[in-house]
Amino acid sequence: MSTRRLQKELLELKNEGAPAGIQLLKGDDFQSWILSIEVLGESLYKGDKFALEFRFDSQYPIAPPSVTFVVNEQFQAPEHPHVYSNGHICASILANEWSPVLTVSAVCITLQSMLASCKRKERPPDNDRYVARAPADPRRTRWAFHDDDV
Amino acid sequence: MAQPFVPTVNDLRVKMCYICREEERYDEHPQSPVVWVHPCNCTLVAHEKCLLNWIQSSLEEPSRKNKALKCPQCGATYVLESDNPALLKILNNLNASVTLAGKVVFACGIAGGVAACASGLYFVLTSYGAYAVQQFLGKEMYDVLLSDDISRWPWHAFINLPLIPVSLILSRTKYVKTLPLISMFYCWTTTTPIAIPGTIRWRLPVDDYPFQPILTWPPSPAMVTAMLPLVSRGYHALIQRIEHWAMGIPSTAPRRIGRIELALADAGPLNVRIAANFLEDGEDADADGAVIQAGANGGQNQQQDADAPARDPAAAAAETVRITGSSLGRYIGGALLIPRIASFMGEFLFQLSLRSPMLRSFLAIRQPLNTRRAPNFWSLMNFYQPKTADGSWRQVGLGVRIGLNVLLAGTKTWADADPVWWRNSVGLGIFIFARDCLRILHLSLAKREIETRRIKSRTFAGIDLKELDLINRPPTQ
């Protein structure tokens, strides 16, 4: 199921164009895509460009994709109370609130608005502790969701 | 005035499944027609198959369970219809309450374990072992072979008894294939009875040692032990065949995924979850709690996508039963109950045999030893005293013969006593069979429930028709 659905999503992204501020950087297979994300308008992240990596397994879209911010020489994870310095994101739509009605671009838009509504640039309080023993796949983390605005 | 036009999912010009995002135009006719549903109050529609797949996977995920039947967009609750007989509900509740009991056992076990470490784990294990022997071999044999007086215990009791609970628990995992029965009683068949003053008169044999016949009824313990692997293999093959028949798994399925899961369901501080998946040969199945799952490609489903096997209802049913049915406490508690169950079933058979002479002779029920006038006890130790007249080689030969005879047929005491162990073993066998049948019934009902699930499709009542791309636009006023 995953391949056909990703083909459709890719076609939609190419035909209709990605949402504003979002750009497909790598989408040549159906295992992993990379999209760049910018926050438009006035926000703490004005002028910053981040990259999101989506990894899909064969259960997609029944199972959520694994979504992280890319951390390498070119990109950094945004400083945000729900984003860990290793790029892991604490967002309920990527865990227990996932639904197959969501798409790659819908996830990007949600994360974009999560960044846009940020009031203070800071790491999650447990950042160091989490990063030291985080699993490679953030879907294996048991998140406790603190507030509902994400 | 005519009824207002209320379109349904079949009136849409283009349907797009919100799960797989496949589209179907109204004038297309796919080779295998698929069922479309509009299950909620908004404009989302889906393939019924995709939606059922999503619902089942959400139900299996504790954190998503309560949202499994909610539309992600409008929040309406899906109406799920299925063949869900009362018996399945009873079995589900039974399974859940046994699991709860298992959790209690686990919690008590932790508490008991702390106490045991303080007061000596060895002592706790040994006491349990003595209890198990009493349950399994019967009070009479317990008094003759072991008794409550520790000072009389044979030396091997101190090794055998504490190993009993350990082997009972291990026998429920897949790693150890011994049946609990073997460790339970084999070493007791050859044990010299301890003397109980007043009830037993010791007689020293002179020349003719009463060799026990090896082929007797009930079968000698050695015979049972030797036959056990064979019987158990045959039984597993039979139960697996019944299960495959009941679950509709083709018997040609080449490999299966065996699965044990010791888990405390749900979250919590005691979230122990030890899961192991491994491939194994088809016939190597375990009757104890582990669930045989059809391999992803062994199912009967024909799927269009090579990369995503559609979920097989048999596997999903097994998943459902396993999730409500697995907990560490249940495994350990269940294992430690085996002697009690055997004893209960043996007593039940004994009561039945009072009415059936045939059953009575099958169970070989005899009078208890101490009500007989002259208990004819032979003790190997007492017997085997070298006689001066014989050559030493003859003595060795005789010793070996007696040893072998005791090994194969048990001691005379063993052979003369009422074979409580035999009816307990038969009873335990019946219990295991009944339990496996119940498990298969539960699995097949759960599978049927999943297979017959249908999502109720609703009309687009209450939705602005301009939002919908309909085949036939209603005449606009």
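Residues numbered from 1 in each chain as written. Chains lettered and ligands numbered in written order. Predicted model: local features only at pLDDT ≥ 70, side-chain atom pairs only at ≥ 80, totals over all residues. Heavy atoms only, no water.

Enquirer: Where do I start with the nonpolar core in this structure?
Expert: Soluble globular proteins tend to pack their nonpolar side chains together in the buried interior. A:Phe54 and B:Leu51 are the most contacted members of the largest nonpolar core, which totals 59 residues. Among the elements that line this core, the one with the most residues is helix H2 (residues 104–116) of chain A, at 6 residues. By size, the runner-up hydrophobic cluster in this structure holds 32 residues, among which are B:Ala130, B:Leu137, B:Ala157 and B:Leu228. (Core = buried A, V, L, I, M, F, W, Y, C linked by side-chain atoms within 4.5 Å. Buried < 20%, exposed > 50% of the residue type's maximum accessible area, 1.4 Å probe, protein only. Helix = DSSP H or I, 4+ residues; strand = E, 2+ residues; numbered from the N terminus.)

Enquirer: Mind showing me how you'd approach empty space enclosed by the protein here?
Expert: One water molecule sets the probe size; rolling that probe over the atoms shows where empty space is left. Residue and element names in this part refer to chain A. Taken as a whole and assessed by the stated rule, the structure comprises 3 cavities of 30 Å³ or more. Here the largest cavity defines a volume of roughly 70 Å³. In terms of lining residues, the largest cavity is bounded by Pro-65, Ser-66, Val-67, Ile-89, Ala-91, Leu-94, Pro-138, Arg-139 and Trp-143. Taken together, the residues of the lining of the largest cavity sort by class into 7 nonpolar, 1 polar and 1 charged. (1 Å grid on protein atoms, 1.4 Å probe; cavity = no way out; pocket = protein on both sides within 12 Å on 5 of 7 lines; lining within 4 Å. Points joined across faces, edges and corners; volume = space filled by probe spheres on them. Nonpolar A, V, L, I, M, F, W, Y, C, P; charged D, E, K, R; others polar.)

Enquirer: How do you make sense of the interface of chain B and chain A when you look at a structure like this?
Expert: Interfaces are often sized by the accessible area lost when the parts come together. Listed by partner, the interface residues are 20 residues for chain B and 21 residues for chain A. Counting the surface lost from both chain B and chain A, the interface buries some 1,900 Å², and carbon and sulfur atoms represent 52% of this. Between the two partners, chain B and chain A, sit 3 salt bridges. Where B:Glu22 meets A:Arg4, a salt bridge forms, and the shortest distance between an N and an O atom there is 3.0 Å. (Contact = heavy atoms within 4.5 Å. Buried area = accessible area lost by both parts, 1.4 Å probe. Salt bridge = Lys/Arg side-chain N within 4 Å of Asp/Glu carboxyl O.)

Enquirer: Would you mind showing me how to read the environment of B:Phe460 here?
Expert: Among the secondary structure elements, B:Phe460 is positioned in the segment after strand S9 (454–455). Spatially, the C-alpha atoms of B:Phe460 and B:Asp11 are 9.8 Å apart, while their sequence positions differ by 449 residues.

Enquirer: For this particular structure, what's the right way to read the pattern of salt bridges?
Expert: For side chains bearing opposite charge, pairing can occur when the charged atoms are close. All names here are of chain B. The full count for this structure, using the stated rule, is 21 salt bridges over all chains. For Asp-27, the salt bridge is made with Arg-25, and the minimal N-O distance between the two is 3.3 Å. Between Arg-435 and Asp-436 there is a salt bridge, and its shortest N-O distance comes to 3.3 Å. What makes Asp-436 buried here is its relative accessible area of 0%. Several salt bridges converge on common partners, so that one network encompasses Glu-243, Arg-435, Asp-436 and Arg-439.

Enquirer: Can you help me understand H2(A) in this one?
Expert: For an α-helix, the turn length of 3.6 residues means that residues three or four places apart are oriented alike. Residue and element names in this part refer to chain A. Over its 13 residues, H2 runs 18 Å from end to end, which matches the ideal 18 Å to within 8%, given 1.5 Å per residue. The complete set of buried residues in H2 reads Val-104, Val-107, Cys-108, Leu-111, Gln-112, Met-114 and Leu-115. Taken end-on, H2 shows its buried residues confined to a sector of 160 degrees, consistent with a single buried face. Elements that come into contact with the buried residues of H2 comprise helix H1 (2–16), strand S1 (22–26), strand S2 (32–38), strand S3 (49–55) and strand S4 (66–69). (Expected span 1.5 Å × (residues − 1). Arc of directions from axis to C-beta.)

Enquirer: Would you take a moment to explain the pairing of S4(A) for this structure?
Expert: Look at any regular strand and the pattern is simple: side chains alternate between the two faces of the sheet. Residue and element names in this part refer to chain A. Side chains Ser-66 and Thr-68 project from S4 onto one buried face, and the interleaved Val-67 and Phe-69 project onto a second face that is buried too. Two strands pair when backbone bridges link them, and S3 and S4 are joined in this way by 4 bridges, in the antiparallel orientation. When the sheet's bridge partners are listed, Phe-54 is paired in S4 with Val-67. (Pairing = 2+ DSSP bridges.)

Enquirer: Hey, could you run me through the sheet that holds S1(A) in this one?
Expert: Sheets are built from strands paired through backbone hydrogen bonds, the pairs being either parallel or antiparallel. Residue and element names in this part refer to chain A. Pairing is antiparallel in the open sheet, where 4 strands are placed in the order S1-S2-S3-S4. Because the sheet does not close on itself, it has two edges, and the strands there are S1 and S4. Sheet twist, expressed as the average angle between the axes of neighbouring strands with direction ignored, equals 25 degrees. Relative to S2, H1 is tilted by about 35 degrees, and along the sheet it contacts S1 and S2. Here H2 sits on the sheet and contacts S1, S2, S3 and S4; the angle it forms with S2, its principal contact strand, is near 35 degrees. (Axes fitted to C-alpha atoms, helices over the stretch in contact; angles between N-to-C directions.)

Enquirer: Explanation requested: the packing of aromatic side chains in the structure shown.
Expert: Each pair of aromatic rings is reported with the distance of its centres and the angle of its planes. All names here are of chain B. Summed over the entire model, instances satisfying the criterion amount to 12 aromatic pairs over all chains. Judged by centre distance (5.9 Å) and plane angle (55 degrees), the rings of Phe-362 and Trp-422 are tilted. On the criterion of sequence distance, the pair formed by Phe-362 in helix H9 (residues 357–363) and Trp-422 in helix H13 (residues 420–451) is long-range, its members being 60 residues apart. A relative accessible area of 36% means that Phe-362 is categorised as partly exposed. (Phe/Tyr/Trp six-rings, centres within 6.5 Å; stacked < 30°, edge-to-face > 60°.)

Enquirer: Help me understand unusual backbone geometry, please; the structure alone is not making it clear to me.
Expert: If a residue is not glycine, its phi is most likely negative; likewise, a peptide bond is most likely trans. In this structure, the amide linkage connecting A:Tyr60 to the following residue, A:Pro61, adopts the cis form with an omega of 5 degrees. Looking at the secondary structure, you find A:Pro61 in the loop between S3 and S4. Even without being glycine, B:Arg21 reaches a positive phi, approximately 60 degrees. Positionally, B:Arg21 belongs in the loop between strand S1 (14–16) and strand S2 (23–25). On the accessibility criterion, B:Arg21 (12% relative accessible area) is buried. Its identity as a non-glycine residue notwithstanding, B:Ala364 has a phi of 50 degrees, on the positive side. Secondary-structure assignment places B:Ala364 in the loop between H9 and helix H10 (380–383). Take B:Ala364: its relative accessible area is 10%, and that puts it in the buried class.

Enquirer: Help me understand the state of the cysteines, please; the structure alone is not making it clear to me.
Expert: Disulfide: a covalent bond formed between the sulfur atoms of two cysteine residues. All names here are of chain B. As enumerated under the stated definition, the model contains 0 disulfides over all chains in all. Not part of a disulfide, Cys-20 finds its nearest cysteine sulfur in Cys-17, a span of 3.7 Å. According to the relative accessible area criterion, Cys-20 is buried, its value standing at 6%. Lacking any disulfide linkage, Cys-40 is separated from the closest cysteine sulfur, that of Cys-42, by 3.4 Å. Under the relative-accessibility criterion, Cys-40 is labelled buried at 1%. (Disulfide = S-S within 2.5 Å.)

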